[in-house]
Amino acid sequence: MSSKNKGVVTFEGHRNFRLRLILSTLSGKPIKITKIRSNDMNPGLKDHEVSFLRLLEAVTNGSRIEISYTGTTVVFNPGIIIGGELTHNCPTTKPVGYFIEPMLYLAPFSKKKFSIIFKGLTASDKSKDAGIEAIKWGLLSVMEKFGVREASLHILKRGSPPLGGGEVHFMCNSLIPQPLTIHALDAPKFSAIRGVAYCTRVSPSVVNRMIDSARQVLRPTGVEVNITADVWRGESSGLSPGFGVTLVAELKKGWRILTEGVGSAGSLPEDLGEKVAYELLDELTKSCIIGRNQIMLSLVYMTIGKEDIGRLKLHKDQIDEDFVWILRDIKNVFDTEVFLKDGAEEPIPGEEQYMTATVKGIGFTAASKKIA
Amino acid sequence: LKAQAQRRWDINKILYLNNIEPSEVIRRWKAEQRVEEDEEEEDIEEDDDQFFKKKSTQESSADLDQFVPSYPSVDELKIKFNADATSDDEEYENGYKFLKSRFLVAPKVGDSNG
């Protein structure tokens, strides 16, 4: 739900909280988010959302944030994206991926280069947020397609839940005026499946157990499967024991589709490996060129691209409720609509399972390229 | 009414209509039948019990701003991908067989002439 009043875009609820703030920052339009968990037993913003607002304030210059007494309303007046070097301590309720992911939308269009060290959990079994490998392999590869080539993510320390103790360094040296226009209209083949299984403060055999079970599920595909073991010891392994696995299907032309999982207390590594492998196969069945978790970044970059038509082929199963929410949020802020062309209209066999999302870029200009 | 429920809508026409909830947009586009409406009447007593139950405060917060999409359970996925290859099971078409056409399979050792 949203409305526009005196140039302020108003949203209701906490859905897509980070996306709405990011869109506001990119567009320079102030937003007001009301009724944040207003019917909840604990109404208002959560600590990780407040922490994210603080991060947003730190990477911008001139942003003004007003939070109501109950925390159920936020007014955000965006400033200029300046980036710079800083350290952000993330609360242990969310992994660092929750904070890094939105930075990918801002970093390439900043005044200065981004170099941020995030401290906290590097993965979490309690929330469905991006892990480090998911960002590194899944989102940075999408950014490359849009012309952002010098972005990197390094794990300095792994930090498993509940105590964390991890450190991740995000850098973006690539400052571009706007994303390139993409025409991703193929349905390329999957050339290999790669992955990493990691563990902290547990027996290294845990990693091999995850790899073996994942391999067993992926073997019938007949494709090359290469999963790396990543065992963390000593100080760099954080404060708590834990394990997890990320699997990536590599497509021709550098596209990647991934799934990931984190072990919970008492769970078996074999079960996790098997689960993540099956989820990857399911994701591949429902994907064309990008996975569902890469759609948001792709659509935002396409929207803020040059004043040209960008096209992206999607699987019909990827068009769900979340997809519609993203499109509506983008429209409310940028006033741009995405047109979906049904593949069934094409005379080519096999195309009926796909849709092509077409969007005209707004001709966005980055803060670093603007003339004062 | 049934015919009306099964009618497929042009998604572009309803995508941005704020008076239609996104879930409804998808339902109309996919022309899913409204089975819930019929079920609602039968489950009125159960709904009353549910109405007075304390709502969990934990569940809603993370679910609306997440990165990882939702997947079917592992058991469902196992059925989907491990259906008997020789049967005419429709699910099998969506499993390994469907994916095999999209995988570039490397030649086995000894297959190559060089």
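Residues numbered from 1 in each chain as written. Chains lettered and ligands numbered in written order. Predicted model: local features only at pLDDT ≥ 70, side-chain atom pairs only at ≥ 80, totals over all residues. Heavy atoms only, no water.

Asker: Help me understand the sheet that holds strand E8 (residues 84-89) of chain A in this model?
Answerer: Backbone-to-backbone hydrogen bonds pair the strands of a sheet. The strands run either parallel or antiparallel. All names here are of chain A. Read from one edge to the other, the open sheet built from 4 strands follows the order E8-E9-E11-E10, with strand pairing classed as mixed. Among the strands making up the open sheet, the edge pair consists of E8 and strand E10 (151-157). For this sheet the average axis-to-axis angle between neighbouring strands, irrespective of direction, equals 15 degrees. As paired elements, E10 and strand E11 (residues 166-172) share 6 bridges and run antiparallel to each other. Counterpart to Ser152 in the pairing with E11 is Met171. The strands touched by helix H2 (residues 47-59) within the sheet are E8 and strand E9 (114-120), with E8 carrying the most contacts at an inclination of about 170 degrees. Against the sheet, helix H4 (residues 132-145) contacts E10 and E11, and its axis sits at roughly 170 degrees relative to E10. (Pairing = 2+ DSSP bridges. Helix = DSSP H or I, 4+ residues; strand = E, 2+ residues; numbered from the N terminus. Axes fitted to C-alpha atoms, helices over the stretch in contact; angles between N-to-C directions. Contact = heavy atoms within 4.5 Å.)

Asker: Just to check I follow, could you spell out the confidence of the model for chain B for this structure?
Answerer: In the predicted model, chain B carries a mean pLDDT of 69, and the fraction of residues at 70 or more is 47%. Note on residues 55-59 of chain B: pLDDT is under 50 here. Beyond four places in sequence and across chains, it has 5 contacts. (pLDDT = per-residue confidence, 0-100.)

Asker: Can you help me understand the environment of Leu218(A) in this one?
Answerer: All names here are of chain A. Mapped onto the elements, Leu218 comes out in helix H5 (residues 205-218). Along the primary structure Leu218 and Leu280 are separated by 62 residues, whereas in three dimensions their C-alpha atoms are 9.1 Å apart. Leu218 has contacts with Ile193, Val225, Leu247, Ala277, Leu280 and Leu281, leaving out every residue within four places of it along the chain.

Asker: Whenever I open this one, the interface of chain B and chain A confuses me. Can you help?
Answerer: Where the parts come together, the accessible area they lose is often given as the size of the interface. Each side of the interface is counted separately: chain B has 47 residues, and chain A has 66 residues. When the buried surface of chain B facing chain A is broken down by residue, Tyr16(B), Phe67(B) and Arg102(B) rank first, second and third, together holding 18% of it. The tally of links from chain B across to chain A stands at 3 salt bridges. In this structure, Arg18(A) engages Asp65(B) in a salt bridge whose closest nitrogen and oxygen atoms are separated by 3.2 Å. (Buried area = accessible area lost by both parts, 1.4 Å probe. Salt bridge = Lys/Arg side-chain N within 4 Å of Asp/Glu carboxyl O.)

Asker: Please clarify how the nonpolar core should be interpreted in this entry.
Answerer: A general trend in soluble globular proteins is that nonpolar side chains are found buried together. Leu26(A), Phe52(A), Ile100(A), Met103(A), Phe114(A), Phe118(A) and Phe170(A) are the most contacted members of the largest nonpolar core, which has 133 residues in total. Not counting residues within four places of it along the chain, the set of residues in contact with Phe52(A) comprises Phe17(A), Arg18(A), Leu21(A), Ile22(A), Tyr98(A), Phe99(A), Pro102(A) and Met103(A). (Core = buried A, V, L, I, M, F, W, Y, C linked by side-chain atoms within 4.5 Å. Buried < 20%, exposed > 50% of the residue type's maximum accessible area, 1.4 Å probe, protein only.)

Asker: For this particular structure, what's the right way to read unusual backbone geometry?
Answerer: Peptide bonds are trans in most cases, and residues, glycine excluded, mostly fall at negative phi. Residues and elements named next belong to chain A. With an omega dihedral of 10 degrees, the bond running from Pro161 to Pro162 counts as a cis peptide bond. Relative to the elements of secondary structure, Pro162 occurs in the loop between E10 and E11. Residue Lys35 is not a glycine yet carries a positive backbone phi of 50 degrees. Positionally, Lys35 belongs in the loop between strand E3 (31-34) and H2. Residue class for Lys35 comes out partly exposed when judged on its relative accessible area of 48%. Positive phi outside glycine occurs at Arg201, with the angle close to 55 degrees. With respect to the helices and strands, Arg201 occurs in the loop between strand E13 (190-200) and H5. Note on Arg201: relative accessible area 46%, which makes it partly exposed.

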